[in-house]
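Working through the structure, step by step
Below, each chain spelled out in residue letters.
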Amino acid sequence: EVHALLADARAGLLGRVSLVRCTARDHPLPDLDALVASGGELLHDFSVHDFDLLLQVVPREAQPATVFAATATNLQELKGTGIDDTAVVTVAFTDGTLGVVETARYDPSGPALSCLVVGREATREVASPPDAAGPSAGGGQSFALQMDHFVSDVCMAGAPPRVGLSRALGASLLADAAVESKRTGRAVEFGPFAAPKLAAAGLTSVG
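Positions within a chain are numbered from 1, following the residues in the order the chain's sequence is written. This being a predicted model, a pLDDT of at least 70 is required before a residue's local features are given, and a value of 80 or more before pairs of side-chain atoms are given or counted; all residues contribute to the totals for chains, interfaces and linings. Hydrogens are left out, water is left out, and the side-chain values use all remaining heavy atoms of the structure.

Some words on the layout of surface pockets
Note the cut-off: A cavity here means a set of 1 Å grid points, computed over protein atoms only, where a 1.4 Å probe fits but cannot escape. A pocket is an open set with protein on both sides within 12 Å along at least 5 of 7 lines, and lining residues have an atom within 4 Å of a point. Grid points are joined across faces, edges and corners, and a volume is the space filled by probe spheres set on the points. Helix and strand labels come from DSSP, where a helix needs a run of H or I of at least four residues and a strand needs a run of E of at least two; each type is numbered from the N terminus. Residue type decides the class: Asp, Glu, Lys and Arg count as charged, Ala, Val, Leu, Ile, Met, Phe, Trp, Tyr, Cys and Pro as nonpolar, and the leftover types, Gly among them, as polar.
Size it by volume and the second largest pocket reaches roughly 230 Å³. Looking at the second largest pocket, it is lined by 16 residues, and the ones nearest its centre are Gln56, Val57, Val58, Pro59 and Arg60. Elements with a contribution of two residues or more to the lining of the second largest pocket: α1 (2-10) and α3 (42-57). Counting residues per element, the lining of the second largest pocket draws most heavily on α3, at three residues. Of the residues belonging to the lining of the second largest pocket, the class tally is six nonpolar, five polar and five charged.

Given below as structure tokens:
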């Protein structure tokens, strides 16, 4: 369903996109000891996947302009660890599109993964089925499929990866900008923030 949504957006069937909202809430509760040992940065570990999705929905000519992140630690088990379990990030793009990424480490009702795209002509939303496996449960077959693509298609058959450098680095830089926003409590101007790392990779844009 996600691929169909992306195809519709890229084909212009939704019209000019004005809002993209990506939501990811996990279930069951992740291994908290492992989370603390790894540093558990929510924005890089979890939200980054929705940053990647944002970059796929919004036309590439529209670049991220500003990033603002608000985070919190609400799980009692994580109090005092410095690890966030809830985050909301807004990404404003240069064409006026707004992206909202909502992330939570735990939802007692079960994992919830969804993407809503609002366009001038139509609105589409896709969501995971109620019995889907959340990230802490291994993400179902998603990780296995990624490894199979990388090993079988890219390494063995020489096919290009489905995710290129520009998009992969773009998602990581959005996470970096969100972490900086969390640190400062201010919106981050993405262009100047990302320019040095983009230049080092021989790139001028993300997506």
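Some thoughts on unusual backbone geometry
Residue histidine 27 is joined to proline 28 through a cis peptide bond whose omega torsion reads 0°. Here proline 28 lies in the loop between β1 (17-25) and α2 (32-38).

Structural notes on the packing of α3 against helix α5 (residues 165-184)
As a reminder of what qualifies: Axis lines are fitted through C-alpha atoms, for helices just across the contact stretch, and the angle between N-to-C directions can take any value from 0 to 180 degrees. Any angle from 65 to 115 degrees is called roughly perpendicular, while one under 35 is roughly parallel, one over 145 is roughly antiparallel, and all others are oblique. Two helices that cross are described as forming a left-handed crossing if the nearer one is turned anticlockwise from the farther one by less than a right angle, and a right-handed crossing if clockwise. We call two residues in contact when some of their heavy atoms are within 4.5 Å.
Running from N to C, α3 and α5 cross one another at 125°; their axes reach a closest spacing of 8 Å. The angle between α3 and α5 places the two elements in the oblique class. Crossing geometry of α3 relative to α5 is assigned as right-handed. Of α5, the residues touching α3 (which contributes Leu43, His44, Val48, Phe51, Asp52, Leu55 and Gln56) are Arg167, Gly170, Ala171, Ser172, Leu174, Ala175, Asp176, Ala178, Val179 and Lys182. For the contact of α3 with α5, the per-class residue count stands at nine nonpolar, four polar and four charged.

Section: the nonpolar core
Burial of nonpolar side chains together is a common tendency in soluble globular proteins. Note the threshold: Here the nonpolar core consists of buried residues drawn from Ala, Val, Leu, Ile, Met, Phe, Trp, Tyr and Cys, with membership extended through side-chain atoms lying within 4.5 Å. Relative accessibility thresholds used throughout: buried, under 20% of the residue-type maximum; exposed, over 50%; partly exposed, between the two (1.4 Å probe, protein chains only).
Counting residues in hydrophobic clusters, the biggest one holds 43 residues, and the most contacted among them are Val20, Phe51 and Val89. Looking at this core, the elements with two or more residues in it are α1, β1, α3, β2 (64-72), β3 (86-93), β5 (112-119), α5 and α6 (190-200). Judged by nonpolar contacts, the second largest core, of five residues, contains Leu35, Leu75, Leu78 and Ile83.

Some thoughts on the sheet that holds β3
Just so we agree on the cut-off: One requirement defines pairing of two strands: DSSP has to find at least two bridges between them.
The strand order β6-β5-β1-β4-β3-β2-β7 describes an open sheet built from seven strands, whose pairing is mixed. On the outer flanks of this sheet lie β6 (123-127) and β7 (188-189), each paired with one strand and no other. By the bridge criterion, eight bridges tie β1 to β5 in an arrangement that is antiparallel. Bridging across to β5, alanine 24 finds its partner in leucine 113.

Observations concerning the pairing of β3
Where β2 lies against β3, eight bridges are found, and the strand directions are antiparallel. Across the sheet, the residue bridging to proline 64 is phenylalanine 93, located in β3. For β3 and strand β4 (residues 98-104), the ladder comprises seven bridges, and the chain directions are antiparallel. Bridging from a neighbouring strand, threonine 90 pairs with valine 100 of β4. In sequence, β3 turns back onto β4 through a hairpin of four residues, with glycine 96 there showing a positive phi of about 100°.

Interpretation in functional terms is not warranted from these geometric data alone.
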